[in-house]
Amino acid sequence: GQSLEQPSEVTAVEGAIVQINCTYQTSGFYGLSWYQQHDGGAPTFLSYNGLDGLEETGRFSSFLSRSDSYGYLLLQELQMKDSASYFCAVRDNNDMRFGAGTRLTVKP
Amino acid sequence: DGGITQSPKYLFRKEGQNVTLSCEQNLNHDAMYWYRQDPGQGLRLIYYSQIVNDFQKGDIAEGYSVSREKKESFPLTVTSAQKNPTAFYLCASSISSGTVSYEQYFGPGTRLTVT
């Protein structure tokens, strides 16, 4: 079957670092994306990995290992506004498959 | 301001009625998408269109229909054949890359409730 697995919830404190993992099993693979969604809002694109390795964009970094079918999103210097749901998504042939999302709660 | 608009934000319908959700974009994007999101779940692709007058089914197209007569507009009709239509519907757009794009821009969504 096809699946994307990510933790359902993560809690961290302001200023900390948190890593959200994503493992996938899909029939095709053309890259791993990450999206952020605040409650009731629209998802916004954060990052994309088409090749193995680390991509850094400010406080956020994303990593991909295609041989392990695994990736993660790393959030540094957490801020209260980072409290949101984070989705990994795989571009799979002619489809885009999303994980169920990880709800991140940042506490003071 | 460039962006994607969806209207209305909340929509209520009786079971057995068809309903059309609006999606308009002024980003000059060729590709547009419709997703469905259920509570605690990720997004699931319903339909997408890479170019005017052409569209493809996504993972869960049954019970839905779309049209793409203009580049800016990609309305979604939820038909009475859709067994569980109550959901949050999100429209997105992207530059065309020949296939589904990894970087999509989303509208604010329409929350449809069917009773």
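Keep in mind the model is a prediction, meaning the values are calculated, not measured.

Caption draft 1: Geometry of the overall build of chain A. Counting secondary structure elements, chain A contains zero helices and eleven strands. Secondary structure elements of chain A, listed N to C terminal, follow the sequence β-β-β-β-β-β-β-β-β-β-β. A globule of 108 residues ought to have a C-alpha radius of gyration of about 13 Å, and chain A, at 13 Å, matches this closely. Out of the 108 residues in chain A, the part that is buried amounts to 50%. Within chain A, contacts between residues at least 6 apart in sequence are counted, and of these 56% link residues at least 24 apart. Accessible surface computed for chain A: about 5000 Å², of which carbon and sulfur atoms make up 46%. Of the side-chain charges in chain A, 7 are positive and 12 negative, and the distance between the mean point of each set is 4 Å.

Caption draft 2: Expanded view of the state of the cysteines. All names here are of chain A. The full count for this structure, using the stated rule, is two disulfides over all chains. Here Cys22 engages in a disulfide with Cys88; their sulfurs sit 2.1 Å apart. One quick way to see it: the torsion about the S-S bond of Cys22 and Cys88 is about 75°, and its sign makes the bridge right-handed. Highlighted residues: Cys22 in strand S3 (residues 18-25) and Cys88 in strand S9 (residues 84-92), separated in sequence by 66 residues.

Caption draft 3: Molecular detail of the pattern of salt bridges. Residue and element names in this part refer to chain A. The final tally for this structure, using the stated rule, is nine salt bridges over all chains. Across the pair Arg59 and Asp82 runs a salt bridge, and its minimum N-O distance is 2.8 Å. Here Asp82 lies in the loop between strand S8 (70-75) and S9 and Arg59 lies in the loop between strand S6 (53-57) and strand S7 (60-65), a separation of 23 residues in the sequence. Just as Arg59 is buried, Asp82 falls in that class too. A salt bridge links Arg97 to Asp92, with the nearest nitrogen and oxygen atoms 2.7 Å apart.

Caption draft 4: Here's a closer look at the interface of chain A and chain B. Taken together, the contact between chain A and chain B spans 19 residues of the former and 22 residues of the latter. When chain A packs against chain B, the two sides together hide about 1600 Å² of surface, and 55% of this comes from carbon and sulfur. Summed over the shared surface of chain A and chain B, the result is one salt bridge. As a salt-bridge pair, A:Arg97 and B:Asp59 come within 3.0 Å of each other at their nearest N and O atoms. On the surface where chain A and chain B come into contact, there are five residue pairs in polar contact (both at pLDDT 80 or more). Where the side of chain A that touches chain B is concerned, the elements lending two or more residues are strand S4 (32-37), strand S5 (44-49), S9 and strand S10 (95-98) of chain A. No other element matches S10(A), which puts four residues into the side of chain A that touches chain B.

Caption draft 5: Representation of the sheet that holds S6(A) in the model. Residues and elements named next belong to chain A. Read across the open sheet, the five strands follow the order S1-S3-S8-S7-S6; overall the sheet is antiparallel. Only two strands of the sheet have a single partner each, and these edge strands are strand S1 (3-5) and S6. Strand-to-strand twist across the sheet, computed as the mean angle between neighbouring axes with direction ignored, equals 15°. As paired strands, S1 and S3 are joined by three bridges and run antiparallel to one another. The partner of Ser3 across the bridge, within S3, is Gln25.

Caption draft 6: Structural context of the packing of aromatic side chains. Under the definition given, this model contains 15 aromatic pairs over all chains. Where A:Tyr35 meets A:Phe45, the ring centres are 5.7 Å apart and the plane angle is 70°; that geometry is what we call edge-to-face. Of this pair, A:Tyr35 sits in strand S4 while A:Phe45 sits in strand S5; the two residues are ten residues apart in sequence, bridging distant segments of the chain. By relative accessible area, A:Phe45 is classed as partly exposed at 24%. Ring geometry for A:Phe45 against B:Tyr102: centres 6.1 Å apart, planes inclined by 45°, an arrangement best described as tilted. A residue pair is termed interchain when its members come from two chains, as with A:Phe45 in strand S5 and B:Tyr102 in the loop between strand S9 (87-94) and strand S10 (105-106). Taken together through their ring pairs, the aromatic side chains of A:Tyr35, A:Phe45, A:Tyr48, A:Phe98, B:Tyr33, B:Tyr35, B:Tyr48, B:Tyr102 and B:Phe106 make up a single cluster.

Caption draft 7: Representation of unusual backbone geometry within the structure. The residue after B:Ser7, namely B:Pro8, is reached through a cis peptide bond having omega -10°. Considering the arrangement of structural elements, one finds B:Pro8 in the loop between strand S1 (4-7) and strand S2 (10-13). Its identity is not glycine, yet A:Ser69 carries a phi of approximately 50°, on the positive side. Mapping A:Ser69 onto the fold places it in the loop between S7 and S8. Backbone geometry places A:Glu77, a non-glycine residue, at a positive phi of 45°.

Rules used in this analysis
Residues numbered from 1 in each chain as written. Chains lettered and ligands numbered in written order. Predicted model: local features only at pLDDT ≥ 70, side-chain atom pairs only at ≥ 80, totals over all residues. Heavy atoms only, no water. Helix = DSSP H or I, 4+ residues; strand = E, 2+ residues; numbered from the N terminus. Rg over C-alpha atoms; globule rule 2.2 N^0.38 Å. Buried < 20%, exposed > 50% of the residue type's maximum accessible area, 1.4 Å probe, protein only. Contact = heavy atoms within 4.5 Å. Areas by Shrake-Rupley, 256 points an atom, 1.4 Å probe, with all protein chains shown as cover. Lys, Arg positive; Asp, Glu negative; His and termini not counted. Charge placed at Lys NZ, Arg CZ, Asp CG, Glu CD. Disulfide = S-S within 2.5 Å. Salt bridge = Lys/Arg side-chain N within 4 Å of Asp/Glu carboxyl O. Buried area = accessible area lost by both parts, 1.4 Å probe. Polar contact = N/O pair within 3.5 Å; in protein donor to acceptor, adjacent residues only side chain to side chain. Pairing = 2+ DSSP bridges. Axes fitted to C-alpha atoms, helices over the stretch in contact; angles between N-to-C directions. Phe/Tyr/Trp six-rings, centres within 6.5 Å; stacked < 30°, edge-to-face > 60°.

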